[in-house]
Amino acid sequence: MWSLIIVAFMLYVIAGTCASIVYHRILSHRTLRLRPWFEYGLTILALPAGTPVQWVGTHRQHHLYTDTIHDPHSPYIHGFWYAHCGWYIYTHQKVQCMLYACLGSLRIFFDAYWRPRHGLEYNTHAQDVAAIAFYEWVSRPFNYAVIMVTSGVMYHAIFYLIWGITGLGVLWACFFIIYNLGDAVNSLGHSKHFDADAKSAAINSSLLNFVVMGEGYHLKHHQNPGLFNSSARRYSLSNGIINLWLALKLARINS
Ligand SMILES: [Zn+2]
Ligand SMILES: [Zn+2]
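The structure contained in this document is the topic of the report that follows. Keep in mind that this is a model prediction, so the values were computed, not measured. (Residues numbered from 1 in each chain as written. Chains lettered and ligands numbered in written order. Predicted model: local features only at pLDDT ≥ 70, side-chain atom pairs only at ≥ 80, totals over all residues.)

1. Considering the overall build of the protein
Then step 1. On a plain count of helices and strands, the protein comes out with 13 helices and 2 strands.
Then step 2. Here the protein has a C-alpha radius of gyration of 17 Å; the compact-globule value for 255 residues is 18 Å, and the two agree.
Then step 3. Each principal axis of the C-alpha atoms in the protein carries an extent, and together these give about 55 × 45 × 35 Å.
Then step 4. Per-residue burial over the protein gives 42% buried out of 255 residues.
Then step 5. Considering only residue pairs separated by 6 or more positions, the protein has 62% of its internal contacts joining residues 24 or more positions apart. (Helix = DSSP H or I, 4+ residues; strand = E, 2+ residues; numbered from the N terminus. Rg over C-alpha atoms; globule rule 2.2 N^0.38 Å. Buried ≥ 20, exposed ≤ 12 C-beta atoms within 10 Å, placed from the backbone. Contact = placed C-beta atoms within 7 Å.)

Structural data, given as structure tokens:
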């Protein structure tokens, strides 16, 4: 049982690292550079969060039009559930949003088809990412679907063969937590009233920061998106991982 808990925790850390550091701070905001082989390998692990072109395009749209009608996922404009996960499937229906939020590890298979077909209107913001052959290739719908279905089957097969039905339950719970914590940055991370001075409804939350790999000081991030340690705190798991990469010369800070 302990081995299952340790593997599930590692999955959480890897997913958080790939989405928070690679998709967000590196591909979207270009705050760090990684060695290409390392960056591409981590991107494969980040794919459940979406294609790199779609993720970056949507996120840059969010920064350009934060908490306005053109923001793809503002709870201030669209309501909590649409901002949390309804925007992925174009619905404001609370029940549909809750069902989607509860798919857990099965969301890998739904998103395998859906994610590369969604949010394409923002891809123009990610032309620098699409210009890199590897990112363009993994963002194609067929290639993305093959990688996602293959990795989804592998995850479920490995967890079932080693830990049985309990393993499948923990895998489902693990992805339920990973997806919903990531989505909470968009929903809970913008949960105060619109602040005209800050030009957003973003918040700073120590709790959100702790559970979402240093992404919880979201107002600070909007005020200074170029910080590679977007939590602006020295001690956090994500900053520790980045410092390790810097020490190993796998990463360097973009000046
Ligand atoms: Zn935001
Ligand atoms: Zn950002």
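2. A word on the environment of Ala-173
Then step 1. Within the element layout of this structure, Ala-173 appears in helix H10 (residues 141–187).
Then step 2. Sequence spacing of Ala-173 and Ala-8 is 165 residues, and the spatial spacing of their C-alpha atoms is 9.1 Å.

3. Some points on the nonpolar core
Nonpolar side chains in soluble globular proteins tend to be buried together.
Then step 1. Core analysis: the largest hydrophobic core is formed by 39 residues, its most contacted members being Val-22, Tyr-23, Ala-46 and Val-56.
Then step 2. For this core, the elements supplying multiple residues, two or more each, are helix H1 (2–28), helix H3 (52–64), helix H7 (107–114), helix H9 (133–138) and H10.
Then step 3. A total of 11 residues in this core trace back to one element, the largest contributor, which is H10.
Then step 4. Apart from the residues lying within four places of it in its own chain, the contact partners of Tyr-23 are Cys-18, Ser-28, Ala-46, Ala-49, Pro-52, Trp-55 and Val-56. (Core = buried A, V, L, I, M, F, W, Y, C linked by C-beta atoms within 7 Å.)

4. Notes on H10
Working note: α-helix, 3.6 residues per turn, so residues spaced by three or four point in the same direction.
Then step 1. Between its first and last C-alpha, H10 extends only 27 Å over 47 residues, short of the 69 Å set by a 1.5 Å rise per residue.
Then step 2. The largest bend along H10 measures about 140° and falls at Trp-163. (Expected span 1.5 Å × (residues − 1). Bend = angle between axes of the 7 residues up to and from the residue.)

5. Considerations on the environment of Ile-241
Then step 1. Here Ile-241 shows up in helix H13 (residues 237–247).
Then step 2. A sequence separation of 220 residues divides Ile-241 from Ile-21, and the C-alpha atoms of the two residues are 9.2 Å apart.
Then step 3. Leaving out residues up to four positions away in the same chain, Ile-241 has contacts with Thr-17 and Ile-21.

6. Some points on the packing of H7 against H10
Then step 1. Axis separation between H7 and H10 bottoms out at 7 Å; the angle between their running directions is 170°. Here H7 is positioned roughly antiparallel relative to H10, judged by the angle of their axes. Of H10, the residues touching H7 (which contributes Arg-107, Ile-108, Phe-109, Asp-111, Ala-112 and Tyr-113) are Tyr-144, Ala-145, Met-148, Val-149, Gly-152, Phe-175 and Tyr-179.
Then step 2. Looking at side-chain class alone, the contact of H7 with H10 contains 10 nonpolar, 1 polar and 2 charged residues. (Axes fitted to C-alpha atoms, helices over the stretch in contact; angles between N-to-C directions. Parallel < 35°, antiparallel > 145°, perpendicular 65-115°, else oblique. Nonpolar A, V, L, I, M, F, W, Y, C, P; charged D, E, K, R; others polar.)

7. Some details on the environment of Lys-220
Then step 1. Take Lys-220: it is sitting in helix H12 (residues 218–223).
Then step 2. For Lys-220, a count of 18 C-beta atoms within 10 Å puts it in the partly exposed group.
Then step 3. For the pair formed by Lys-220 and Asn-204, sequence separation is 16 residues and the distance between their alpha carbons is 6.9 Å.

8. Details of helix H2 (residues 36–46)
Then step 1. Buried residues of H2: Glu-39, Thr-43 and Ala-46, and no others. The buried residues of H2 occupy one face: seen down the axis, they fall within an arc of 55°. In H2, the exposed positions angled more than 90 degrees off the buried face are occupied by Trp-37 and Ile-44.
Then step 2. Close packing links the buried residues of H2 with H1, strand S1 (32–34), H3 and H9. (Arc of directions from axis to C-beta.)

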